[in-house]
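Architecture and fold: a report
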There are 2 protein chains.
Amino acid sequence: MDTFLNACRSVIGATHVLTSAEDTAPYLTDWRRRYTGKACAVLKPADTQELAALVRLCNEHKVPMVPQGGNTGLVLGGIPDDSGKAVVLSLTRLNSIRHTDPVNNTITVEAGCILKNIQTAASDAGRLFPLSLAAEGSCTIGGNLSTNAGGTAVLRYGNTRELCLGLEVVTPQGDIWNGLRGLRKDNTGYDLRDLYIGAEGTLGLITAAVLKLFPQPKAQLTALAALRTPDDALRLLSLTQSYCVSSLTGFELMSGFCIKLVNQHFPSMRLPFAEEHAQYVLLELSDNESEEHAQAMLEHVISAALQQDLIQDAIVARSIAQSQAIWDFREHIPLAQAAEGKNIKHDVSIPISHIGDFIRTTDALLQQSFPGARMVTFGHLGDGNLHYNVAHPEQETDKSFLQKQTTVNRVVHDSVHQHGGSISAEHGIGALKRTEILRYKSDVEMQLMRSIKQALDPLNLMNPGKLL
Amino acid sequence: MDTFLNACRSVIGATHVLTSAEDTAPYLTDWRRRYTGKACAVLKPADTQELAALVRLCNEHKVPMVPQGGNTGLVLGGIPDDSGKAVVLSLTRLNSIRHTDPVNNTITVEAGCILKNIQTAASDAGRLFPLSLAAEGSCTIGGNLSTNAGGTAVLRYGNTRELCLGLEVVTPQGDIWNGLRGLRKDNTGYDLRDLYIGAEGTLGLITAAVLKLFPQPKAQLTALAALRTPDDALRLLSLTQSYCVSSLTGFELMSGFCIKLVNQHFPSMRLPFAEEHAQYVLLELSDNESEEHAQAMLEHVISAALQQDLIQDAIVARSIAQSQAIWDFREHIPLAQAAEGKNIKHDVSIPISHIGDFIRTTDALLQQSFPGARMVTFGHLGDGNLHYNVAHPEQETDKSFLQKQTTVNRVVHDSVHQHGGSISAEHGIGALKRTEILRYKSDVEMQLMRSIKQALDPLNLMNPGKLL
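The present account deals with the structure reproduced in this document. Being a predicted model, the structure only gives us computed values, none of them experimental. (Residues numbered from 1 in each chain as written. Chains lettered and ligands numbered in written order. Predicted model: local features only at pLDDT ≥ 70, side-chain atom pairs only at ≥ 80, totals over all residues. Heavy atoms only, no water.)

**Let's talk about the pairing of strand E5 (residues 97-101) of chain A**
Residues and elements named next belong to chain A.
- Note: E5 against strand E6 (residues 106-110), 4 bridges, orientation antiparallel. Within E6, the position partnered with Ile 97 by the bridge is Val 109.
- From the end of E5 to the start of E6, which pair antiparallel, there are 4 residues, and Asn 105 there has a positive phi angle of about 55°. (Pairing = 2+ DSSP bridges. Helix = DSSP H or I, 4+ residues; strand = E, 2+ residues; numbered from the N terminus.)

**Regarding the packing of aromatic side chains**
Residue and element names in this part refer to chain A.
- One pass over the full model with this rule turns up 10 aromatic pairs over all chains.
- Residues Phe 370 and Phe 401 carry aromatic rings whose centres are separated by 6.2 Å and whose planes lie at 90° to one another, so their mutual orientation is edge-to-face. Within this pair, whereas Phe 370 is found in the loop between helix H12 (355-369) and strand E17 (374-380), its partner Phe 401 is found in helix H13 (residues 398-402), the two being separated by 31 residues in sequence. The two residues Phe 370 and Phe 401 agree in class, both being buried.
- Directly above the ring of Tyr 157 sits Arg 156, whose terminal nitrogen or CZ lies 4.5 Å from the centroid. (Phe/Tyr/Trp six-rings, centres within 6.5 Å; stacked < 30°, edge-to-face > 60°. Buried < 20%, exposed > 50% of the residue type's maximum accessible area, 1.4 Å probe, protein only. Lys NZ or Arg CZ within 6 Å of the ring centre and 35° of its normal.)

**Let's talk about the side chain of A:Thr207**
Residues and elements named next belong to chain A.
- Counting through the fold element by element, Thr 207 comes out in strand E10 (residues 205-212).
- By relative accessible area, which is 0% here, Thr 207 ends up buried.
- The residues touching Thr 207, leaving out its near neighbours within four places in the chain, are Thr 48, Leu 51, Leu 91, Leu 94, Glu 110, Ala 111, Glu 168, Val 169 and Val 170. (Contact = heavy atoms within 4.5 Å.)

**Some words on the sheet that holds E10(A)**
Residues and elements named next belong to chain A.
- Spatially, E5-E6-E10-E8-E9 is the arrangement adopted by the 5 strands of the open sheet, whose pairing is antiparallel. The open sheet terminates on both sides in strands that have one partner only, identified here as E5 and strand E9 (176-179). Here the strands of the sheet are splayed against their neighbours by 10° on average, with no regard to which way each runs.
- Most of the contacts of helix H3 (residues 48-61) go to strand E8 (residues 164-170), to which it runs at about 50°, and overall it touches E5, E8, E9 and E10. (Axes fitted to C-alpha atoms, helices over the stretch in contact; angles between N-to-C directions.)

In structure tokens:
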């Protein structure tokens, strides 16, 4: 081990080889503080060449490698196991924005760039980089790519995979693949790019990427609608899309119980409706023309929906500030939920047409097995991604209810599967859902994935124990 | 061989095992009639199960398999070699539209469905399936997926890859992978879908797919602008995108020489401009609101471009008929070119910001080596895809000039590579460009592709001699 670490020091300098408990601690515990692993060192290369040299050393000494970006993952994908054999390869020093090309609508960034900084660089060039998620101030694009992150703008712009044109990758053997192409069309072989994206660092290390930029919208405006059922929300979605097509950038469902929780824990926050309703939808338009145009579009949709009796009440924001207030409400749901106690979270997606049935069926199944369980159902209805969270019954403590997590997961995930859905819409598999997917994936699919892993990383040194 | 063919007959019925020269001929010559291969039989299974059974037989008897759809490919990807050892697996009988789900905005189709029929089924459900290309009346979606076809709507909707959510695939061993998911978000493992898409049938056979549907636009309208240089065209593209964002669905460049060729061979077709110009751009908007709204947007863009001296003249269509007339002109370029004689075609893409420089540099290089060569440059400027075709000098016959194809290709492709481009934007590699890509791909990339091929098809039975 000393030989190995000394070789690492000679490649990247002793100050970038962290071995003390104090120095390595921030890299060994996941951000929800659920698990702490061990590592023989945390290595912080300065660039792709240094990283490739480290990977070759790891090969020589058969040292497992755990790539890490901002360490904001939710499925323990960037944390080593507790054997202490692995090194953490922290990519945070690879943080240059290499090139911005507003004519080609691309930006070339290194893996360690913080998402927020990329958004800012795009904006400085008069463009939009639409990936946006809660951790954007600390997560890195390398992690976003490796987990194919989703976020709030998927409905209009797609997942991270759809936002990337080219990659630079260090292979498990320490070779550098330069696939940094800024092309919208390129049909010259297998789609290696999309194979690395979402592979959670098990097939190689993404070191840089060419990302797509978009024109900035002229205005963003929201509306809030009150309605009876998730099925009516789906009808409202179809109606809105037929009017607004790609201008619709947000369509968030919130159950009446979510709203009650916010009211209860943040009494100053009130929805501007006289009555309580069963469901609410937040709509967001990103308009090419003006705030007035966005407002007219939203009012048009809302009045059509009222006429068709799809919604009972609605407000359209008259300003950016009012739009923000509606989003604030949406963003307070997880906070209200946390204030109510710990709960069992699910990051699932369902074909949009089955969501109504999924919610009805799963609610009933949970009520049957866990009487009094309270479903905190909200999420990005427009792309089928639900935060289907389950809070403890009032007569039970959250702690006691959390003991039943495995059984609750089973009920929810089985129902997701029966409705043609996915048990991990945007968080990935990591170490956390690794056995869970075996229940839902066919042997054929698992075997295909294992063959690819074996072909590209025969020594199983890249992030072992994750995903597969 | 008889044992094998008899076994095939017992699986799919004797009438679907074609062996006579007459019966097999249509499957053995490519559609541009440049090459004829041989096969021991053409097999036409009725469904995925029959196909899987045939693949297992091919494994047992070590018979190479060449998948084929509508046989409209341009790089000999679906034609067997001349050894006569392979079977052609024709998927045209797998032609059901299995399911249309307008709420989920998806359609589930079998590989042998003709593209046009899918467009019609989508339209019947009040939705748009945007993939559109010249061969749409006879090409099949299985071929579109296997070549990741591009077409005319890439600027707004992406390539075929971006239009697909899930696949059903028969593996080279004859297993069936059911990945027919209709989900916008699903992060549960390697992206097998995108690996099969564009793999040109070398990793398995795509038998069915879940495709994305979109709202139908309310109106489509075009404008035609006359300008000085490709660089001005790029400035016009940025300007248009800043006004119209995702409403811009077409942005086609045509050089003045293209227009002259059309005038010469179709004298009744005239552009409505008083003078001749060096370059022309066709703009198409797909509008969410109305024809009037589209017209106002286009007029707004055109007047801003005139004010900035980006364009010299322009017309905005006042009706669908006028729009169609502008498109007709664009579509007559290849016809005029054919009337002028055979020419050397290139299907290339370049980062949009480098296109001006690419055209200038490559024109000069070709003039230097082939004095008098006439560049017929047009294409989808909005997604960087140029048809950079080269016609014979006036003092030379087309036949004599075609002898120089390899050298001309070399000059063009080297220049494409130097400008960060791709030598196959949308047609793929097939048998035609298989050695050509070795010049431009790194060893690392080739090795990664070969490892994947070896892992998934160790016997090299799936479309051998194509792509790799």
